[in-house]
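Understanding the architecture of this molecule
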Amino acid sequence: SFVLSRHVGKVVVVNFWASWCPPCRKEAAAFTAIYREYNGHPVEFLGVDVWDREREANEYVELYDITYPNALDLDGRIAIDYGVMGIPETYLIDMNGKLKRKFVGPLSEDRLRKVLQEMLVR
């Protein structure tokens, strides 16, 4: 299980997605690339698959070669707790464990990289 409090001192990217979501598919490759690019930096990624089926979620993770942790939120409880209104949505939590940014809709590789760079220098 992924416990946010264990990642204080890192920027945490929490991405809510589903295999049936075309915009999620659009950003999946970008998230995978940025995760690999920031390996060794104080950054952690967590994907949360919501309102989906486990088999399709596993196929999605394999298709996009996603190697960062992913959680299944099949009934949407985690998403509701976070206030997710639609997917994809991405939350960026700073090194002190505070929510700093929320993005609704797909993020490009360039946009995600820029936001991470901003958060890492603060």
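Look up a bit, the structure's there.
Predicted model, so just to flag it, every value in this text is computed and none were measured.

Helix α4 (residues 109-121) packs onto helix α1 (residues 22-37) with a crossing angle of 35° between their chain directions and a minimal axis gap of 9 Å. The handedness of the crossing between α1 and α4 is right-handed. On α4, the residues that touch Ala 30, Phe 31, Ala 33, Ile 34 and Glu 37 of α1 are Glu 109, Leu 112, Arg 113 and Leu 116. Class assignment for the residues of the contact of α1 with α4 results in 6 nonpolar, no polar and 3 charged.

Now for the environment of Cys 21. Among the secondary structure elements, Cys 21 is positioned in the loop between β1 (11-17) and α1. The buried category is assigned to Cys 21, whose relative accessible area is 3%. Placed 31 residues apart in sequence, Cys 21 and Asp 52 show a C-alpha to C-alpha distance of 9.8 Å. Setting aside anything within four residues of it in sequence, one finds Cys 21 in contact with Ile 87 and Pro 88.

Here we come to the pattern of salt bridges. On inspection of all chains with the given rule, the structure shows 10 salt bridges. A salt bridge links Asp 94 to Lys 100; its shortest N-O distance comes to 3.9 Å. Note that Asp 110 and Arg 113 form a salt bridge whose closest N and O atoms lie 3.1 Å from each other. Of the two residues, Asp 110 and Arg 113 are both situated in helix α4; the distance of 3 residues between them amounts to about one turn of the helix.

All right, on to the sheet that holds strand β2 (residues 43-50) then. Paired through backbone hydrogen bonds, the strands of a sheet run either parallel or antiparallel to each other. Pairing within the open sheet is mixed, and its 5 strands lie in the order β3-β2-β1-β4-β5. Two strands bound the open sheet, and with one partner strand each, they are β3 (70-73) and β5 (99-104). Each strand of the sheet is rotated relative to its neighbour by a mean of 20°, with strand direction disregarded.

Each value, and the rule that gives it
All residue numbers refer to positions counted from 1 along the written sequence of the respective chain. Local features are withheld for residues below a pLDDT of 70 in this predicted model, meaning they are given only at 70 or higher, and side-chain atom pairs are given and counted only at 80 or more; totals for whole chains, interfaces and linings count all residues. Side-chain measures were taken over the full set of non-hydrogen atoms in the model, leaving aside hydrogen atoms and water. For helices, the fitted line uses only the C-alpha atoms of the stretch in contact; every axis is such a line through C-alpha atoms, and the angle between N-to-C directions lies from 0 to 180 degrees. Runs of E in the DSSP output that reach at least two residues are strands. Runs of H or I that reach at least four are helices, and both are numbered from the N terminus. The hand of a helix crossing depends on one turn: near helix anticlockwise from the far one by less than a right angle means left-handed, and clockwise means right-handed. The contact criterion used throughout is that any non-hydrogen atoms of two residues lie within 4.5 Å. Here the term charged refers only to Asp, Glu, Lys and Arg, the term nonpolar to Ala, Val, Leu, Ile, Met, Phe, Trp, Tyr, Cys and Pro, and the term polar to all other amino acids, Gly among them. Exposure is judged per residue with a 1.4 Å probe applied to protein chains only, and the accessible area is read against the type maximum: over 50% gives exposed, under 20% gives buried, and values in between give partly exposed. Between Lys or Arg on one side and Asp or Glu on the other, a salt bridge is scored when a side-chain nitrogen of the former is within 4 Å of a carboxyl oxygen of the latter. Two strands are counted as paired when DSSP detects at least two bridges linking them.

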